[in-house]
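Take a look at the letters that make up each chain.
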Amino acid sequence: MTRHDVGTEAAAGAGAPSDIAVAVDRLVTAGLKSLADYESLTQEQVDHIVKKASVAALDQHTALARLAVEETGRGVFVTVVAHRQPVYRDQPEDVSVRWGYGLFPGRAGNQTPKPMTMCSGREVLEEVLHHFPFDERTAARILETSTVVPCVMPYITSQFLARRRDDRPRVVPEGSVNLAFIGQFAEVPDDVVFTVEYSVRTAWTAVARLLKLDRHPPEVYKGHHDPRVLASALETMHRR
Ligand SMILES: Cc1cc2nc3c(=O)[nH]c(=O)nc-3n(C[C@H](O)[C@H](O)[C@H](O)COP(=O)(O)OP(=O)(O)OC[C@H]3O[C@@H](n4cnc5c(N)ncnc54)[C@H](O)[C@@H]3O)c2cc1C
C-alpha cells in the first residue's frame, strides 16, 4: 500500500469501500483485538514480548536505518544535532555548538578502525566527517577549528529497561503529603520516558498535588487508542 493508494481512495469519495479500505479495517480490528488481549497478559508475558521485540528490532537495526535513509533521502547512521545558535547563554558569537551521538559505540568506524569508546575527540569528528559529502578543504577546516568533547553515557538506555509495574515510585506516593519523585525514574502511567516533557510532567504533577493547586498537567495523549493513529501505523508498516 502506498500513500498514493490511500489518497486515491479518499478522492473517490462515497461508494463501496475499496479493497485497501477493507484491508485497513481488517488490520485495525485485528490490532485493537491484540491490544485488548495484551491487557490481560501477566507482567512476565509482557516482559517476554518486549524483550523479544527489542532483540528483533536490534537485530534489524542496520536494515531499518538503511530504510529510513532511503525513504527520507536524508541522513547517515549517526545523529548530529545542529540547534539554533547560541545554545548557551554566554556563548561567544563566533563559537557554534553542535552535538551528536553514535548508537553503536562498541563498533569500529568506517574511517577510524577502532570503537568510538576508544577514540579521541578528533577521531570521532574524523569518523563523522567521513560520512558527510564535504570537500577536503572544508573537512580540514572543520577539523582544524573544532573542539570535540567525547562523553560516554553507559546508563542512558537504563530508562527503557523492562520493569514491573511497581518498580518505580509514583510521583506522589500514596499517603505522601510532603515528598514527591521527579524525573525519568518516577512512574507516570501511560507516558513514555526519555523526553523532557516526561520530567516536566513529573515536576508539575508533584507541585500541583502537594500544593493542592487547580492546574494539573494535561492528560497523556494515548495515540495507541486512536483508530486513526493505528490505521496510519499499519499503513506505514505495510508500505512498500
Ligand atoms: C542523547 C540524548 C538525546 C535526547 N534527545 C531528546 C529529545 O530529542 N527530546 C526530548 O524530549 N528528550 C531528549 N532526551 C532526554 C532528555 O534530555 C531528558 O529526559 C531530560 O533532560 C531529563 O531532565 P531532568 O531534569 O529530569 O534530568 P537531567 O537533565 O538529567 O538533570 C539532572 C541534573 O541533576 C544533576 N545532578 C545529578 N546528580 C546530582 C547531585 N548529586 N548533586 C547535584 N546535582 C546532581 C545533573 O548534573 C543534571 O544537571 C535526550 C537525552 C539524551 C541523553
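Treat the numbers as computed from the prediction; the structure is a model and nothing was measured.

1. A look at the packing of helix α2 (residues 19–39) against helix α8 (residues 227–238)
Now for step 1: Contact pair α2 / α8: the axes reach a minimum separation of 10 Å and the direction vectors enclose 115°. Classified by the interaxial angle, the pair formed by α2 and α8 is roughly perpendicular. The way α2 lies across α8 gives a crossing that is right-handed. For the pair formed by α2 and α8, the contact residues are Val24, Leu27, Val28 and Gly31 on the first element and Pro227, Leu230, Ala231, Leu234 and Glu235 on the second.
Now for step 2: Of the residues contributing to the contact of α2 with α8, the split by class is seven nonpolar, one polar and one charged.

2. Remarks on unusual backbone geometry
Now for step 1: Going from glutamine 85 to proline 86, the amide bond is cis rather than trans, its omega being -5°.
Now for step 2: By the secondary structure assignment, proline 86 is in the loop between β1 (78–81) and β2 (99–102).
Now for step 3: Backbone geometry at aspartate 190 places phi at a positive 75°, although glycine is not the residue there.
Now for step 4: Locating aspartate 190 in the fold gives a position in the loop between α6 (136–145) and α7 (196–210).
Now for step 5: Aspartate 190 gets classed as exposed once you count the C-beta atoms within 10 Å, which come to 10.
Now for step 6: Here the phi dihedral of phenylalanine 194 falls at roughly 70°; this positive angle occurs in a residue that is not glycine.

3. Focus: the environment of alanine 21
Now for step 1: Tracing the backbone through its elements, the reader meets alanine 21 in helix α2.
Now for step 2: Judged by C-beta crowding, with 16 C-beta atoms within 10 Å, alanine 21 ranks as partly exposed.
Now for step 3: Sequence separation between alanine 21 and tyrosine 101 is 80 residues, and the spatial gap between their C-alpha atoms is 41 Å.

4. Focus on the site of the ligand
Now for step 1: Neighbouring residues of the ligand: Tyr101, Met153, Ile156, Gly183, Gln184, Phe194, Thr195, Val196, Glu197 and Ser199.
Now for step 2: Counting residues per element, the shell around the ligand draws most heavily on α7, which supplies three residues.
Now for step 3: By residue class, the composition of the shell around the ligand is five nonpolar, four polar and one charged.

About the criteria used
Residues numbered from 1 in each chain as written. Predicted model: local features only at pLDDT ≥ 70, side-chain atom pairs only at ≥ 80, totals over all residues. Axes fitted to C-alpha atoms, helices over the stretch in contact; angles between N-to-C directions. Helix = DSSP H or I, 4+ residues; strand = E, 2+ residues; numbered from the N terminus. Parallel < 35°, antiparallel > 145°, perpendicular 65-115°, else oblique. Left-handed = near helix turned anticlockwise from the far one by under 90°. Contact = placed C-beta atoms within 7 Å. Nonpolar A, V, L, I, M, F, W, Y, C, P; charged D, E, K, R; others polar. Buried ≥ 20, exposed ≤ 12 C-beta atoms within 10 Å, placed from the backbone. Near = placed C-beta within 6 Å.

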